[in-house]
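Given next are the chains, with one letter for each unit.
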Amino acid sequence: MSEDMAPVAETVTAERRLNMIEAINEALDIMLERDPNVVIMGEDVGYFGGVFRATAGLQAKHGKNRVFDTPISECGIIGAAVGMGAYGLRPVPEIQFADYIYPGLDQLISEAARLRYRSAGDYIAPLTVRSPFGGGIFGGQTHSQSPEALFTHVAGLKTVIPATPHDAKGLLIAAIEDNDPVIFFEPKRIYNGPFSGFYDKPVEPWKKHEGSVVPEGYYKIPLGKARMVQEGEALTVLAYGTMVHVAEAVCKAKGVDAEILDLRTLVPLDIKAIEASVEKTGRCLIVHEATRTSGFGAELSALVTERCFYHLEAPVERVTGFDTPYPHSLEWAYFPGPVRIGEAIDKLLKD
Amino acid sequence: MAEPAKPADSNRPALALHVPEPRYRPGDVADFSHIDIGEAGASPRPDEGAHPSEMSELAYGLIRVLGDDNQAHGPWNPRLDPETLRTMLGHMAMVRAFDERMFRGQRQGKTSFYMKCTGEEATSIAPAMALASDDMVFPSYRQQGILIARGYPLLEMINQIYSNKADKLKGRQLPIMYSSREHSFFSISGNLATQCPQAVGWAMASAIKGDSRIAASWVGEGSTAEGDFHAACTFAAVYNAPVILNVINNQWAISSFSGFAGSERTTFAARGLGHGIAALRVDGNDALACFAAAQWAANRARGNHGPTLIEYFTYRAEGHSTSDDPSGYRSAQEREEWPLGDPVTRLKNHLIALGEWDEERQAAMDLDCAERVKATTKEAEKNGILGHGLHHPFHTMFEDVYEELPWHLEEQADQAIRERITKFGTERPFG
């Protein structure tokens, strides 16, 4: 496992700390510079620089032919990006919120995901669809969803979710360079700081987190490799995005010696890292913010049960959002926070 | 259950839903005299850089060149030399012969599915000839004429239709869902209208790169109801994309007549006007008009004057596909009553009227096409036909899902190959 987990060679200069938005912006800037075929398109991404500022300054620097606003049509954005990919460009469309990606689903599922296959390699769709996802910002039901499981279910798509500024930059560069279509979900709750899940406590900025140390220049983190957040013996936690930090904070608060894996890529999944950890600890907790039924946790649970059954000392536990739309005022009742995670840990460690 | 408000309780009139109904159903006498086809040569030909608002009447009329006298008329006459006209006629005859043979092949069990384009040959062959060979086309499923016009080998088409071991698409696609990057022919989807915004995106990319190649897409009138078509129009207009959006109005989408896509209210060409896109409505059974419209739109796009929407007004003379029987929903007379005739016959008669062709040569050409298709079919059958064996190594099923196989696909590929051995043993070759 240590081999898989090794950080990718990078030029570490003076320690420099960025938040996730800055890291994403830098990755996009670097790729626009390095590859003349990269184009960025999406609602409000041009002159204004995006509603979350992820593309700020990029149009001014790289020109309107490389970074431009689009009509409010996710179908059109993804459809045009597929055509651009067929031409030979490497489009990086932004969908303003993951909640708005559904009008583009046919173009993603039936077109981008299958183009290489159905044309036997004649055409590819090297898109990276960036989209902020997840809740915890009082976004209500239309600015909070976590639809990652829909995409992991589609053969031909890769799904990537970073949990730190360092990873966001390296994974985004890898996603853009990847010749397959990648859904790159950015956990917007942690754009500006790692969220502990204790919503009633003061917000921590990224500056205090080691994951905010972002090397300058180009580096990439290979897709399909998990990150070992912390080693431990008592149980394995499988999480991604915001929930990595929440799980970490809860384990710390409870004094649990957990081994926490940040999956980083859901498809392709780092199954070796998962197997190695669960075989070591014998207990597995899966945490995601998305709704429970048919969520990606179900897939993880099945994989762990199929492949590590004889190492398990307790049933696999899932902690997830409830099977409801994301409620505005009851956001923190919906969110799989410290109480829900804490109870699951207690249950796992009971025997 | 919702209780409707009773009109008797108020002065408000009861609402009524309009569900469109075609004029003729099986057994009816078809009469198309209500369709105003205008006169050949009557439509003005605006400058290729004209503003869409200056030419809006062309979205409601019908651009026609070939008259009842078999002569070419008016400003849209593309003035093609006889050799080009004979080439065009030859492509159309070849497509017709090919369709006949492939349809029969499906009925003989050699493949699962086929779609003819009978009566619509001009709408793909003439535009393909008007475009440059490296202009990118994003076809729907009834544009086999483009491949024929671009010289794509018949053998490759039949291999694909048979999903046999020589099929370049490795047996993955439904018959006729061709793809050829070499011929600038995009992979056909089957999900309708998805190719429209893709063509616009390709054209945008070409403009971003300062290229000179343009893009064109084809979609049926029924599929213009899809959001993708409207997204394509919006993007094409917003970015002034060098693209031609072709709508093949063949009157029928399987059993649904064009009224279910909105034809009772306005034309399909008029969809362009609302977007500020130049729009032409063309006699789709008139190969010269089809060529002229496509050439106008191609010049417009190449001159940075932006997109054009072309409605080709035609008639689907046969069923939607081998899985369809139109006698169940439309009058059998429609085909013969269609006021714009047959595109092959009209072009043939034009060449004869010019003194450049005759019936003997036509008969010889038809025979030659049939023989060439027949010979190529035999050649393709040596590579196998659908259902006679699992032609492709099982591992190919897992390739090209991604550029490289992730672990879960490698595991599943191993399983598939194990299953093959379990069923067939190791006697037969396996992948």
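All values derive from a computational prediction rather than experimental measurement.

Visitor: What's the story with the sheet that holds strand 11 (residues 284–291) of chain A in this structure? I'm lost.
Guide: Two pairing modes exist for strands in a sheet, parallel and antiparallel, and in both the strands are linked by backbone hydrogen bonds. Residues and elements named next belong to chain A. Taken together, 5 strands build an open sheet; the order of strands is 7-9-8-11-12 and the sheet is mixed. Each edge of the open sheet carries a strand with a single partner, namely strand 7 (227–230) and strand 12 (317–321). Taken pair by pair, the neighbouring strands of this sheet meet at an average axis angle of 25°, ignoring direction. Across 5 bridges, the pairing between strand 8 (residues 235–239) and strand 9 (residues 258–262) is parallel. The residue of strand 9 that forms the bridge with Thr236 is Glu259. Helix 11 (residues 296–308) contacts strand 8, strand 11 and strand 12 of the sheet and is inclined by roughly 160° relative to strand 11.

Visitor: How do you make sense of helix 10 (residues 343–353) of chain B when you look at a structure like this?
Guide: Side chains that are three or four residues apart share a direction in an α-helix, a result of its 3.6 residues per turn. For helix 10 of chain B, every residue scored as buried is listed here: Pro343(B), Val344(B), Arg346(B), Leu347(B), Lys348(B), Asn349(B) and His350(B). Looking one or two residues beyond helix 10 of chain B, the residue adopting positive phi is Gly355(B), at roughly 80°.

Visitor: Can you help me understand the packing of helix 2 (residues 20–34) of chain A against helix 8 (residues 165–177) of chain A in this one?
Guide: Think of two packed helices as two axes; the pair is described by the angle between the axes and how far apart they sit. Residue and element names in this part refer to chain A. Relative orientation of the contacting elements helix 2 and helix 8 amounts to 30°, with a least axis distance of 8 Å. Judged by the angle between their axes, helix 2 and helix 8 are roughly parallel. For the pair helix 2 and helix 8, the crossing hand works out as right-handed. Note on element contacts: helix 8 touches helix 2 through Pro165, Ala168, Lys169, Leu172, Ile173 and Ile176, opposite Met20, Glu22, Ala23, Ile24, Glu26, Ala27, Ile30 and Met31. Residue classes in the contact of helix 2 with helix 8 are distributed as 11 nonpolar, no polar and 3 charged.

Visitor: How do you make sense of the pairing of strand 3 (residues 243–249) of chain B when you look at a structure like this?
Guide: Regular strands have side chains that alternate between both faces of the sheet. Residues and elements named next belong to chain B. Counting buried residues in strand 3 gives 7 out of 7 residues, a clear majority hidden from the surface. Where burial is concerned, the two faces of strand 3 agree: the one with Val243, Leu245, Val247 and Asn249 and the one with Ile244, Asn246 and Ile248 are both buried. As judged from the 6 bridges shared by strand 2 (residues 215–220) and strand 3, these two strands associate in the parallel manner. Across the sheet, residue Ala215 finds its bridge partner in strand 3, namely Val243. Considered for its hand, the β-α-β crossover made up of strand 2, helix 6 (residues 227–238) and strand 3 is right-handed.

Visitor: Help me understand the nonpolar core in this model?
Guide: Nonpolar side chains tend toward joint burial in soluble globular proteins. Counting 216 residues, the largest nonpolar core has Val237(A), Ala247(A), Val200(B), Val243(B), Ala293(B) and Ala294(B) as the members making the most contacts within it. Looking at which element gives the most residues to this core, the answer is helix 8 (residues 287–302) of chain B, with 12 residues. If we skip the residues at most four places from it in the chain, Val243(B) touches Ala199(B), Val200(B), Ala203(B), Ile214(B), Ala215(B), Ala216(B), Ala236(B), Ala301(B) and Pro307(B).

Visitor: Mind showing me how you'd approach the packing of helix 9 (residues 242–254) of chain A against helix 13 (residues 338–349) of chain A here?
Guide: Residues and elements named next belong to chain A. Between helix 9 and helix 13, the least distance of the axes is 10 Å, while the angle of their chain directions is 60°. As summarised for this structure, helix 9 and helix 13 are arranged oblique, according to the angle between their axes. Considering how the two elements wind past one another, helix 9 and helix 13 form a crossing that is right-handed. Across from Val246, Ala247, Val250, Ala253 and Lys254 in helix 9, the residues of helix 13 making contact are Pro338, Ile341, Gly342 and Ile345. Class assignment for the residues of the contact of helix 9 with helix 13 results in 7 nonpolar, 1 polar and 1 charged.

Visitor: Help me out: how do you make sense of helix 11 of chain A in this one?
Guide: Taking 1.5 Å of rise per residue, the 13 residues of helix 11 of chain A would be expected to cover 18 Å, and the 18 Å separating its terminal C-alpha atoms lies within 8% of that figure. On its buried face, helix 11 of chain A sits against helix 7 (148–152), strand 8, strand 10 (265–267), helix 10 (271–281), strand 11 and strand 12 of chain A.

Reading the values: rules and limits
- Residue positions are counted from 1 within each chain, in the order its sequence is given.
- Chains and ligands are labelled sequentially in the order written, the chains with letters from A and the ligands with numbers from 1.
- Note on the predicted model: pLDDT of at least 70 is required for a residue's local features to be given, and 80 or more for side-chain atom pairs to be given and counted; whole-chain, interface and lining totals, by contrast, use all residues.
- In this scheme, strands are said to pair when DSSP sees at least two bridges between them.
- The secondary structure listing takes helices from DSSP runs of H or I that are at least 4 residues long and strands from runs of E that are at least 2 residues long, numbered from the N terminus.
- Orientation is described by lines fitted to C-alpha atoms, with helices fitted over the stretch in contact, and by angles between N-to-C directions that extend from 0 to 180 degrees.
- Each residue gets a C-beta atom placed from its backbone, and two residues are in contact if those atoms lie within 7 Å.
- With C-beta atoms placed from the backbone, a residue counts as buried when 20 or more other C-beta atoms lie within 10 Å of its own, as exposed when 12 or fewer do, and as partly exposed for counts between those limits.
- Roughly parallel means an angle under 35 degrees; roughly antiparallel means over 145; roughly perpendicular covers 65 to 115; every other angle is labelled oblique.
- For any pair of crossing helices, the crossing counts as left-handed if the nearer helix is rotated counterclockwise from the farther one by less than a right angle, and right-handed if it is rotated clockwise.
- Each residue gets one of three labels, nonpolar for Ala, Val, Leu, Ile, Met, Phe, Trp, Tyr, Cys and Pro, charged for Asp, Glu, Lys and Arg, and polar for the others, Gly among them.
- When the strands point away from the viewer, a crossover counts as right-handed if the path from the first strand over the helix to the second runs clockwise.
- Defined on buried residues, the nonpolar core groups Ala, Val, Leu, Ile, Met, Phe, Trp, Tyr and Cys residues joined through C-beta atoms within 7 Å.
- By this rule, a helix spans an expected 1.5 Å times one less than how many residues it contains.

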